[in-house]
Amino acid sequence: MSFQLENYDSSVIGIASPDPLRFAFAKKTSAHAGGMARPIMGEQQQAIYTQVLTQPDTSRINNKRCLYIHIPFCRVRCTFCNFFQNAASRKLVDHYFSSLMTELKLKAKQPWTQQGRFHAVYIGGGTPTDLSPDQIQQLGQAIRDYFPLETDCEITLEGRINRFSDEMFGKALEGGFNRFSFGIQSFNTQVRRSAKRLDDREVVLERVSSLATTDAAPIVLDLLFGLPYQDLEVFEQDLKDFMSTGAHGVDLYQLVIGGDAPMLNLVEKGKIPPPASTPDKASMYELGSNFMSKHYVKQLSCSHWARDNRERSQYNSLAKTYAEVLPIGCGAGGNIGGYGLMHHRTLDAYNASIEKGELPVAMMTKQHAQADMFAQIKSGFDSGIIRRSELGLIEGQDLFDWFNPLFKHWQGIGLAELESDFLVLNLAGRFWSVSMAQAAIQILQTELQQMLKAS
Ligand SMILES: C[S@@+](CC[C@H](N)C(=O)[O-])C[C@H]1O[C@@H](n2cnc3c(N)ncnc32)[C@H](O)[C@@H]1O
Ligand code: SF4
């Protein structure tokens, strides 16, 4: 069985260009590659979610597991961000925290939860560091008390350095957090102010350095590239600033503006210059990638680098593979027992469902029968190397061989090197890795559907 590459448009599979890094695809449309799933109707969601939690599928017992807990508050909305949900106020946060702890204890008791071990826990947002120091400690402690964690389980607290006091750091460590991921975006004061980030460069530099110097846990930073006012020179200074802080790892994310992020409106009104074009962002990625190589900072995935071995980025790599992710909280998403889950996004709906003793599910899907295969594809592209041994079989044939026409095409247009058992993305391929993963999944999905129709 094989497929005809000619049936697919160059906007999907990429186009030959003398400059593949900047022009192999038109632009990155979303942050993650996906795969189709079948929606579960509202009235069935509670029953199925309950069944998955109370009568776990034992064939999945050895799957890696993650716990994702969402904190849907930020003190100020950044102009570029699509993740913003609610403005933080003590009253709202405290009410939410109490519902969250109720859900956490309920989820911890379930047979599904107790049947396996968790390899990574991630408290994301929003801005989890907008909880109080005591709440952060309580949350960490509850996770360790109630959930079966692997001995080397990575427990990450995401947030920002604004108001991240020594007291909060101390309480978080006491609670058991062993990794901290801070969104910095850019150190440059003009870039920061125009994006509505709190604190100027000197404050951020000083705080991150002081946290990193304690060496109490890996400190990891998120940097964006492509923000208004952030030209190549500014970005290079951001990279040097990262090095100067001694932080243990860094994510370099290309800015992708979507949804209702306020930035485009501000650009339209002429209040700020436009963000970088895709070819300019490709040049920034090139600069970032070369900078890391020059400083011997180890690349863990297409967008993540580690300066020392303490930084493993377990959650990020596991959540992109076949790992199951148990979601907790308002706006949390995950997947368990072959179902995709999205919790209520509004606080009122979330709090009300917890008060009623219900599971706070808003959307549920039955994952595609080949979801594990799609996840392996996604994870391979995210890591920059697609391995024959990890792709599995399609109708008795190695999927790696089935993809040969596509992989050869990508070698031909300068995105990758095809070896007998590996497809190795080069710099251009790593920049376009999400588009490539999307193309591979789309082709596989289309061909599987046609096979089904024909049979
Ligand atoms: C959910 S946010 C939470 C971070 C934290 N609240 C902060 O403000 O630093 C996680 C990361 O997503 C990234 N992000 C946010 N908006 C983005 C966008 N429009 N394009 C690409 N990455 C984005 C940022 O790097 C951010 O640090
Ligand atoms: S970047 Fe962080 S603080 Fe800013 S709006 Fe997004 S989630 Fe909130």
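Located above this text is the structure these notes cover.
First things first, this report covers the structure right here in the doc. Model, not experiment: these values are computed from the prediction. Positions within a chain are numbered from 1, following the residues in the order the chain's sequence is written. Chains and ligands are labelled sequentially in the order written, the chains with letters from A and the ligands with numbers from 1. Only residues with pLDDT of 70 or above have their local features reported here, since the model is predicted, and side-chain atom pairs are shown and tallied only from 80 upward, although totals for entire chains, interfaces and linings are computed over all residues. Remark: hydrogens and water are excluded; side-chain values derive from all non-hydrogen atoms of the structure.

Axis geometry follows a simple rule: fit a line to the C-alpha atoms, using only the stretch in contact for helices, then measure angles between N-to-C directions, giving values from 0 to 180 degrees. Labels follow the DSSP assignment, with helices taken as runs of H or I lasting at least four residues and strands as runs of E lasting at least two, numbered in each case from the N terminus. In contact at an axis separation of 11 Å, helix α4 (residues 90–109) and helix α6 (residues 133–146) are set at 5 degrees when each is read in the N-to-C sense. As far as their axial angle goes, α6 and α4 are roughly parallel. Contact residues: α4 offers Arg90, Val93, Asp94, Phe97, Leu100, Met101, Leu104, Lys105 and Ala108, while α6 offers Gln135, Gln138, Leu139, Ala142, Ile143 and Tyr146. Counted by class, the contact of α4 with α6 contains 10 nonpolar, 2 polar and 3 charged residues. Here is the rule for angles: anything less than 35 degrees is roughly parallel, anything more than 145 is roughly antiparallel, 65 through 115 is roughly perpendicular, and the remaining ranges are oblique. By definition, residues are in contact when any of their heavy atoms lie within 4.5 Å. Residue polarity follows a fixed list, in which Ala, Val, Leu, Ile, Met, Phe, Trp, Tyr, Cys and Pro are nonpolar, Asp, Glu, Lys and Arg are charged, and the others, Gly among them, are polar.

A separate point is the site of ligand 1. Contacts to ligand 1 come from 18 residues, most closely from Gly126, Gln185, Arg197, Asp222 and Val256. Pairs of N or O atoms within 3.5 Å make up the polar contacts considered here, provided that, within protein, one atom can donate a hydrogen while the other can accept it, and that residues adjacent in sequence are counted only when both atoms are side-chain atoms. One of the backbone N or O atoms of Val256 is found 2.8 Å from a nitrogen atom in ligand 1. Considered on its own, ligand 1 offers 570 Å² of accessible surface; in the complex 90% of this is hidden by protein. Secondary-structure elements contributing two or more residues to the shell around ligand 1 are β6 (149–159), β7 (179–185), β8 (219–225) and β9 (249–254). Across the shell around ligand 1, the residue classes break down as 7 nonpolar, 7 polar and 4 charged. Residues are classed as near a molecule or strand on a simple rule: at least one heavy atom within 4 Å of it. In this description, accessible areas are obtained by the Shrake-Rupley approach with a 1.4 Å probe, and a residue is regarded as covered only by the protein chains that are shown.

Turning to the site of ligand 2, a few remarks are in order. Every residue lining ligand 2 is accounted for by Cys74, Cys78, Phe80, Cys81, Phe84, Gly126, Thr127, Arg160 and Arg197. Tallied by class, residues from the shell around ligand 2 come to 5 nonpolar, 2 polar and 2 charged.

What we call a nonpolar core is a set of buried Ala, Val, Leu, Ile, Met, Phe, Trp, Tyr and Cys residues that are connected through their side-chain atoms within 4.5 Å. Here the term buried applies to any residue with accessible area under 20% of the maximum for its type, exposed to any over 50%, and partly exposed to those in between, with areas from a 1.4 Å probe on protein chains only. Ranked by internal contacts, the top residues of the largest apolar core, which has 116 residues, are Phe381 and Trp410. Ranked by the residues each element gives to this core, the list is headed by helix α20 (residues 433–454), at 8 residues.

We now examine the side chain of His344. Assignment of secondary structure puts His344 in the loop between β14 (339–343) and α14 (347–355). Separated by 3.5 Å, the side chain of His344 and the backbone oxygen of Val361 make a polar contact.

This part is about unusual backbone geometry. With omega at 15 degrees, the peptide bond leading from Gly125 into Gly126 counts as cis. Position of Gly126 relative to the elements: it lies in the loop between β5 (118–125) and α6. For Ser313, which is not glycine, the phi torsion reads 50 degrees and is therefore positive. Counting through the fold element by element, Ser313 comes out in the loop between β11 (304–306) and α13 (314–319).

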